[in-house]
Amino acid sequence: DQQVKQNSPSLSVQEGRISILNCDYTNSMFDYFLWYKKYPAEGPTFLISISSIKDKNEDGRFTVFLNKSAKHLSLHIVPSQPGDSAVYFCAASAQGGSEKLVFGKGTKLTVNP
Amino acid sequence: AAGVIQSPRHLIKEKRETATLKCYPIPRHDTVYWYQQGPGQDPQFLISFYEKMQSDKGSIPDRFSAQQFSDYHSELNMSSLELGDSALYFCASSPGFRDPTGTQYFGPGTRLTVL
């Protein structure tokens, strides 16, 4: 069973617009959520994370929102740039620390110039 | 800044052969994780080590073994290779319990092809 779900395999947006990537989870034990960006032939690169005790975390153009009651999080990228084109993975861990990450299947974002 | 180093970057093996993948974590990171990513799939957790001891085990076949050494680097040993073992293998490291966010930093991966 997929504990972390990214239901949109792909998303296409225009440069300068907002990109919204969504993620749902089923395991109530998850308490940290992370977004990774991955280019082909490279390892995932950490973008931003959020603790389950918060509902928003912002870092530059990237903002992650968490709706714990709905078990839903989203990553907003504003403004989107062509260099943001990549696969974005949502990941979750329980009790942080040295716990394994559980990944969604990823969403391929294409930002068109 | 120093990143996670993995070697080799590419590896081609025949069925039933063995392979050894190496991972060098970010300095002062004491926790290492191994993930396997098949084509079009999400990374799947295999195994992790904290302070040279196995800390968690995921869907790792019995044909695979791993260890973390005194300098914190880790090796993933894969024997009796099968076609289905062809995948990207990522190593990640973290400061472990010193970082409660659980952020892991990934290496570039080793692409294993089994013929």
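The structure under discussion appears in the preceding block.
I will try to describe carefully the structure that is included in this document. (Residues numbered from 1 in each chain as written. Chains lettered and ligands numbered in written order. Predicted model: local features only at pLDDT ≥ 70, side-chain atom pairs only at ≥ 80, totals over all residues. Heavy atoms only, no water.)

Re the overall build of chain B
The secondary structure content of chain B amounts to 0 helices and 11 strands. Along chain B, from the amino end to the carboxyl end, the secondary structure elements read β-β-β-β-β-β-β-β-β-β-β. Against the globule reference of 13 Å for 115 residues, chain B gives a C-alpha radius of gyration of 13 Å, in line with a compact fold. By its C-alpha atoms, chain B is 40 × 25 × 20 Å across when sized along the principal axes. Looking at chain B as a whole, 47% of its 115 residues qualify as buried. Pairs at least 24 residues apart make up 55% of the contacts formed inside chain B by residues separated by at least 6 positions. (Helix = DSSP H or I, 4+ residues; strand = E, 2+ residues; numbered from the N terminus. Rg over C-alpha atoms; globule rule 2.2 N^0.38 Å. Buried < 20%, exposed > 50% of the residue type's maximum accessible area, 1.4 Å probe, protein only. Contact = heavy atoms within 4.5 Å.)

Let's talk about the nonpolar core
All names here are of chain A. Counting residues in each nonpolar core, the largest one holds 25 residues, and the members touching the most others are Phe30, Phe33, Trp35, Leu73, Leu75 and Tyr88. Counting only elements with at least two residues in this core, the list comes to strand 3 (19-25), strand 4 (30-38), strand 5 (45-51), strand 7 (62-67), strand 8 (72-77), strand 9 (86-94) and strand 11 (107-112). Looking at this core, the element that brings in the most residues is strand 9, giving 5 residues. Non-local contacts of phenylalanine 33, meaning those with residues more than four positions away in its chain, are made with Tyr25, Ile48, Ser49, Ile50, Ser52, Leu66, Leu73, Ala91 and Ala92. (Core = buried A, V, L, I, M, F, W, Y, C linked by side-chain atoms within 4.5 Å.)

Comments concerning unusual backbone geometry
Residue proline 79 of chain A is reached from valine 78 of chain A by a cis peptide bond, and omega for that bond is -10°. Mapped onto the fold, proline 79 of chain A is located in the loop between strand 8 and strand 9. The amide bond that connects serine 7 of chain B to the next residue, proline 8 of chain B, takes the cis arrangement and shows omega of -10°. Mapped onto the elements of the fold, proline 8 of chain B is located in the loop between strand 1 (5-7) and strand 2 (10-13). With a phi close to 50°, glutamate 51 of chain B is a non-glycine residue in the positive phi region. Position of glutamate 51 of chain B among the secondary structure elements: in the loop between strand 5 (44-50) and strand 6 (53-57). Overall, glutamate 51 of chain B belongs to the partly exposed group, its relative accessible area being 31%.

Comments concerning the sheet that holds strand 8 of chain A
Residue and element names in this part refer to chain A. Taken in spatial order, the 5 strands line up as 1-3-8-7-6 in an open sheet, and their pairing is antiparallel. Whereas interior strands pair on both sides, the edge strands pair on one side only; in this sheet they are strand 1 (4-5) and strand 6 (56-59). Here strand 1 runs beside strand 3; their pairing, made up of 2 bridges, is antiparallel. Each residue of the ladder has a partner; that of valine 4, found in strand 3, is tyrosine 25. (Pairing = 2+ DSSP bridges.)

Quick notes on the sheet that holds strand 7 (residues 64-68) of chain B
Residues and elements named next belong to chain B. A sheet is described by the order of its strands in space; here 4 strands give the open sequence 1-3-8-7, paired in antiparallel fashion. Two strands in the sheet have a free side with no partner beyond their single neighbour: strand 1 and strand 7. Taking the axes of each pair of neighbouring strands and ignoring which way they run, one obtains an average angle of 15° across the sheet. Relative to strand 3 (residues 19-24), strand 1 runs antiparallel, the two being bridged by 3 bridges. (Axes fitted to C-alpha atoms, helices over the stretch in contact; angles between N-to-C directions.)

Some remarks on the interface of chain B and chain A
Between chain B and chain A, the residue contacts involve 24 residues of the former and 22 residues of the latter. A buried area of about 1800 Å², summed over both sides, lies between chain B and chain A, and 56% of it is on carbon and sulfur atoms. Interface area lost by chain B to chain A is led by Asp42, Thr101 and Phe106 of chain B, which between them contribute 25%. Taking the shortest distance from any N to any O, the salt bridge between aspartate 42 of chain B and lysine 105 of chain A comes out at 3.0 Å. Connecting chain B to chain A are 6 residue pairs in polar contact (both at pLDDT 80 or more). (Buried area = accessible area lost by both parts, 1.4 Å probe. Salt bridge = Lys/Arg side-chain N within 4 Å of Asp/Glu carboxyl O. Polar contact = N/O pair within 3.5 Å; in protein donor to acceptor, adjacent residues only side chain to side chain.)

These figures come from the coordinates and say nothing about function on their own.
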